[in-house]
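# Report on the structure
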Amino acid sequence: MKKNIIEVDKLNFAYERGHMNVLEQVSFSISENDFVGIIGPNGGGKTTLVKILLGLLSPQSGSVKIFGAMPGKNPHKIAYLPQQLVFDPQIPITVEEVVLMGCLGHRFIGLYTKKDHENAKKAMIKMNVLEYQNAFFSSLSGGQKQRVLIARALTCHPKILILDEPSAGIDTHHEQILLELLKNLNAEMSIVMVSHEYQFVSSLVDYVICINKDSHIHYPHEINEKNFQDIISKKYQYVAHDHEVKSK
Amino acid sequence: MIQYFVDIFNPDMTFLMYATLIGIFASLAFGTMGTFVVIKRVSFIAGAISHCILGGIGLGMYLNQVHQVTWMTPQIGAILMAVVSALLIGIFTIYYKEREDTLIGALWAFGMALGLILIYYTPGYTDPMSYLFGSILMVGYEDLITVVVLDVLVLTTTILFFNKFVSICFDEEFARLRGINTRFYYLLLLILIAITVVMLINVVGIVMIVAMLTIPSGIASVISKNIKSMIIYSIIISLFTIIAGLSISYQINAPSGPVIIILSSMIYFIAVISFRKKIL
């Protein structure tokens, strides 16, 4: 029997005390090597849920356990690909330097070691970006940047990879490359992919968690193009929120 | 210009040797911290810190002369005020989510006003012009030692936490997810910038510090392949502009701070036009 690595129980979250909940009574669990899709309408609370799983936001009530501990307590077991990386394109930073950042947090002081460079190289090979290692990060296309950021996330040998809307801003060709790479990675780790496009995740996932303030589990055979909109907009209650302001 | 290089070694003109040595040592910190000021886009924070320093200088003079607090020299006052203002800006923006530009505007003016009032109440005449516009040719042995000590402090800390500083400049959220205390490292970075600003007072003066912390690194960012090379280029450009500015100002008998700034600004404009891609 597979071991649960993420356990969420009756989670409630509001951005301001006394305001409406963005998430309400959300419960689910994810086991090792699961490939899970998190779907839902825009504003339904998907990214908020991800930030809680990462330990960037604290829930008002309910319990969230990652490897049996509070979120944020095992930073090297969990890797994250953000929806979009806002960065200054004029920073002269190479692909290798970006990937090496994945090794951060192992030591209190000092520069990257030879082992860090080896780990970064392995991650770049895995994500097929080694040929760009000396290129400026800002000179890459959206799809290439995304693979570099996944390589950065992989350098610490995580057990969970969370991707927030990975299909946003990339073309179909890069989407296919990404899905193929994720399929291979799934043998080593659990993958949680947030998307508002069911078609994008449907071919790979074991099941989807529909987040629309509350949560419902659906299996791929239950969802088709006709009922998808009904499923994600069921009991839809949008609560205005801003992900940046209240991150702790 | 050649006369300048001859006179550096003239035993009757030791001020020139000290000015040159201060320029050389200070360039190490300017290039290093300037790189972080540019990539973190905190040049106006550095500007606010530099203007607050006049308050520290005034406080040092006032306490030293009026209340005989002997350890409180204008230089100690400047360092204390620089660190306090850096922490204030950091804490207000992190914990109170206050608008950075408003806070910078308030501190900028507050420091200047405090400094002018305290200098006014200090007996004897003090010309604030040397603090505002620099007086590198007035420096002595003690100033040189101060710059070397501050240099060691800034460079050692930067080497130890280099990767963390780069990560909070590039992607703060990712750094936080890796378990790094991003607030602590942001405040530490501001403190190091503040210390560097204190070193710059003698070289270019309070009013032009922002330029010296941004222009050499701005030029370096245009031609660099990565952050480490940006720091090295920034140091070389700082060194070149300070020494060239000193020698030109010595030759034409002009104030050295403004000459250094004009020279580095001109190189910056040429570098941007020559190397940055033009957007049509």
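Residues numbered from 1 in each chain as written. Chains lettered and ligands numbered in written order. Predicted model: local features only at pLDDT ≥ 70, side-chain atom pairs only at ≥ 80, totals over all residues.

### Examining the overall build of chain B
Just so we agree on the cut-off: Only runs of H or I of at least four residues qualify as helices and only runs of E of at least two qualify as strands under DSSP, and these elements are numbered from the N terminus. Using C-alpha atoms as the atom set, the radius of gyration is obtained and then compared with a globule rule of 2.2 Å times the number of residues to the power 0.38.
When its secondary structure is counted, chain B shows 12 helices and zero strands. Tracing chain B from N to C terminus, the helices and strands come up as α-α-α-α-α-α-α-α-α-α-α-α. Taken over C-alpha atoms, the radius of gyration comes to 19 Å for chain B, in line with the 19 Å a tight globule of 280 residues would show. Counting only C-alpha atoms and orienting by the principal axes, one finds that chain B spans roughly 55 × 45 × 35 Å.

### Here's the deal with the environment of A:Pro82
The criterion, for reference: We call two residues in contact when the distance between their C-beta atoms, placed using the backbone, is within 7 Å.
Following the sequence through the fold, A:Pro82 ends up in the loop between strand S5 (78–81) and helix H2 (95–100). Along the chain, A:Pro82 and A:Thr47 lie 35 residues apart, while their C-alpha atoms are 9.4 Å from each other. Setting aside residues up to four positions removed in sequence, A:Pro82 forms contacts with A:Asp164 and B:Glu173.

### Some thoughts on unusual backbone geometry
Residue and element names in this part refer to chain A. To keep things clear, this is the line we draw: Think of it as a crowd count around each C-beta: if 20 or more other C-beta atoms lie within 10 Å the residue is buried, if 12 or fewer it is exposed, and in between it is partly exposed, with C-beta placed from the backbone throughout.
Unlike most non-glycine residues, lysine 10 shows phi in positive territory, near 50 degrees. Here lysine 10 lies in strand S1 (residues 4–13). The exposed category is assigned to lysine 10, around which 12 C-beta atoms lie within 10 Å. Its identity as a non-glycine residue notwithstanding, histidine 157 has a phi of 55 degrees, on the positive side. Mapped onto the secondary structure, histidine 157 falls in the loop between helix H4 (142–154) and strand S6 (160–164). Residue class for histidine 157 comes out partly exposed when judged on the 14 C-beta atoms lying within 10 Å of it.

### Re the confidence of the model for chain B
Residue and element names in this part refer to chain B. Filter applied, for reference: Within a predicted model, pLDDT stands for the predictor's per-residue confidence, ranging from 0 to 100.
Per-residue confidence for chain B gives a mean pLDDT of 89, with 99% of residues at or over 70. At the low end of the mean pLDDT range in chain B sits helix H6 (residues 129–133), at 77; at the high end sits helix H11 (residues 227–252), at 93. Model confidence for the complex is summarised by a pTM of 0.85, with the ipTM given as 0.79.

### Focus on the environment of B:Ser247
Its location among the elements puts B:Ser247 in helix H11. Residues B:Ser247 and B:Val197, 50 residues apart in the sequence, show an inter-C-alpha distance of 23 Å.

### A word on the sheet that holds S1(A)
What links the strands of a sheet is backbone hydrogen bonding, and the strands pair in either a parallel or an antiparallel sense. Residue and element names in this part refer to chain A. Quick reminder of the rule: Here, any two strands with at least 2 DSSP bridges between them count as paired. Axes here mean lines fitted to C-alpha atoms, for a helix over just the part in contact, with angles spanning 0 to 180 degrees between N-to-C directions.
An order of S2-S1-S4 is seen for the three strands of this open sheet, with the pairing classed as antiparallel. Each edge of the sheet is formed by a strand with only one pairing partner; in this case those strands are strand S2 (23–31) and strand S4 (61–66). Along the sheet, successive strands turn relative to each other by an average axial angle of 10 degrees, direction set aside. Inspection of the sheet shows S1 paired to S2 by six bridges, in the antiparallel sense. By the bridge assignment for S2, leucine 11 is matched with valine 26. Helix H1 (residues 46–54) rests against S1, S2 and S4 of the sheet, and its axis sits at about 120 degrees to S1.

### Details of the pairing of strand S7 (residues 190–195) of chain A
All names here are of chain A. For S7, the buried fraction is high: six of the six residues fall into the buried class. Burial of the side chains of S7 extends over both faces: Ser190, Val192 and Val194 are buried on one face and Ile191, Met193 and Ser195 on the other. Pairing of strand S3 (residues 35–39) with S7, which is carried by five bridges, proceeds in the parallel orientation. In the sheet register, isoleucine 38 faces S7, and the bridge partner there is valine 194. Of the strand pairs in this sheet, S6 and S7 are connected by five bridges, and their pairing is parallel. Note on S7: the bridge partner recorded for leucine 161 is isoleucine 191.

### As for the nonpolar core
What counts, and what does not: Each nonpolar core comprises buried Ala, Val, Leu, Ile, Met, Phe, Trp, Tyr and Cys residues, the members being joined through C-beta atoms within 7 Å. For every domain, the bounds stem from an assignment made automatically or drawn from a database.
B:Ile49, B:Ile53, B:Ala82, B:Ile193 and B:Met212 are the most contacted members of the largest nonpolar core, which has 156 residues in total. Counting residues per element, this core draws most heavily on helix H9 (residues 182–204) of chain B, at 15 residues. Shared between two domains, this core takes at least three residues from each, and those domains are domain 1 (1–73 + 161–248) and domain 2 (78–157) of chain A. Other than its neighbours up to four places away in sequence, B:Ile53 contacts B:Ala78, B:Met81, B:Ala82, B:Gly111, B:Val197, B:Val198, B:Ile201 and B:Ile206.

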